[in-house]
Amino acid sequence: MKVPDIGQGLKNVLFQHGASLVGFGDLSNLVSDGQTYGVSVAIAVPAAVIRSIEYGPTPEYYHEYYRINDLLDDAVTAGAEYLRQNGCEAKAMTCGSVVESDDHRTALPYKTVATRAGIGWIGKCALLVTKEYGSAVRLSALVTNAPLACAKPIDESFCGSCTACAAACPGKAVSGKLWNKDMDREEFFHAADCRKAARMLAKEKLNKEITLCGKCVFVCPYTQKYIAE
Ligand code: SF4
Ligand code: SF4
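The sections below set out a description of the structure shown in this document. A quick note: this is a predicted structure, and the numbers were derived from the prediction, not measured.

Some points on the overall build of the protein chain
What the protein chain contains, in helices and strands, is 8 helices and 6 strands. Scanning the protein chain from its N terminus toward the C terminus, one meets helices and strands in the order α-β-β-α-α-β-α-β-β-β-α-α-α-α. Oriented by its inertia axes, the alpha-carbon framework of the protein chain measures out at about 55 × 35 × 35 Å. Residues classed as buried in the protein chain amount to 50% of the 229 residues present. Partitioning the intrachain contacts of the protein chain with sequence separation of at least 6 by distance along the chain shows that 68% fall at a separation of at least 24. Of the accessible surface of the protein chain, which amounts to about 11300 Å², a share of 52% is contributed by carbon and sulfur atoms. Of note, the protein chain has its 25 positive side-chain charges centred 4 Å away from the centre of its 25 negative side-chain charges.

Written as structure tokens, this is what we have:
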């Protein structure tokens, strides 16, 4: 059974579950099974929480980070269920279902689905950057065979000559090169150096053995525009 506008119905479900941004992307060049439509879901971190992380992660940021991850899991689970109820195949890419390799990569990164869905681009600091919220978003996704109307993908960076994240990074992980869709992450970003610095900062600021920093989120001019509004 097909509803008249399954895409709008899906968006309604996702926004009711707290989504800030939703986009549909064509993944046919990236996946080998029949679920070639990607649904990217972003939830913005509240501006007041972002204002607290200028010098590194705070308890508010830590709690919000995990609270939003739970919201995203619920949203994509509900979205996938909605699609299945309407006769389609769908799989929610919840945190627990995504497998990371030893070098902390996943087969289909949330950020890749987001760029294919036109939600944002990959910044010099390897975070997804959106025009609405900067990099102050958490992401999730689902995949489906539902014939959704896909957005124009974003293939190139809008960072321009900005170097704010490179200057703020305590791990010197940001090379300064502009991303495009054909680049591997290591061509413009040193993930191991980011991880090391973020773990040290989380230990210092939160006394926790986790990877959490946020300095590049805070300084991004697109984030600054969001928190100023
Ligand atoms: S999260 Fe921290 S360490 Fe990693 S790139 Fe951003 S500023 Fe650098
Ligand atoms: S701080 Fe500047 S260079 Fe870094 S992601 Fe944001 S816009 Fe891009």
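That was the structure; now back to the text.
Digging into the sheet that holds strand β2 (residues 37–44)
The sheet built from 4 strands is open, its strands ordered β1-β2-β6-β3 with antiparallel pairing. Strands with a single pairing partner mark the edges of an open sheet, and in this sheet they are β1 (21–26) and β3 (90–92). Recorded for the sheet is a direction-independent mean angle of 25 degrees between the axes of neighbouring strands. Both β1 and β2 contribute to a ladder of 6 bridges, which runs antiparallel. When the bridges of β2 are listed, V22 appears paired with V41. Along the sheet face, helix α1 (residues 6–16) touches β1 and β2 and points at about 140 degrees away from the line of β1.

What about the environment of P59?
Looking at where P59 falls in the secondary structure, it is placed in helix α3 (residues 59–85). Sequence-wise, P59 and A202 are 143 residues apart; in three dimensions their C-alpha atoms are separated by 10.0 Å.

Regarding the pairing of strand β6 (residues 137–144)
With respect to burial, β6 is a largely interior element, 8 of its 8 residues being buried. Where burial is concerned, the two faces of β6 agree: the one with V137, L139, A141 and V143 and the one with R138, S140, L142 and T144 are both buried. Strand direction decides the pairing type here: β2 and β6, joined by 8 bridges, are antiparallel. The residue bridging I43 from the neighbouring strand is R138, located in β6. Where β3 and β6 come together, 3 bridges link them in antiparallel fashion. Opposite A90, over in β6, you have T144 as the bridge partner.

What counts and what doesn't
Residues numbered from 1 in each chain as written. Chains lettered and ligands numbered in written order. Predicted model: local features only at pLDDT ≥ 70, side-chain atom pairs only at ≥ 80, totals over all residues. Heavy atoms only, no water. Helix = DSSP H or I, 4+ residues; strand = E, 2+ residues; numbered from the N terminus. Buried < 20%, exposed > 50% of the residue type's maximum accessible area, 1.4 Å probe, protein only. Contact = heavy atoms within 4.5 Å. Areas by Shrake-Rupley, 256 points an atom, 1.4 Å probe, with all protein chains shown as cover. Lys, Arg positive; Asp, Glu negative; His and termini not counted. Charge placed at Lys NZ, Arg CZ, Asp CG, Glu CD. Pairing = 2+ DSSP bridges. Axes fitted to C-alpha atoms, helices over the stretch in contact; angles between N-to-C directions.

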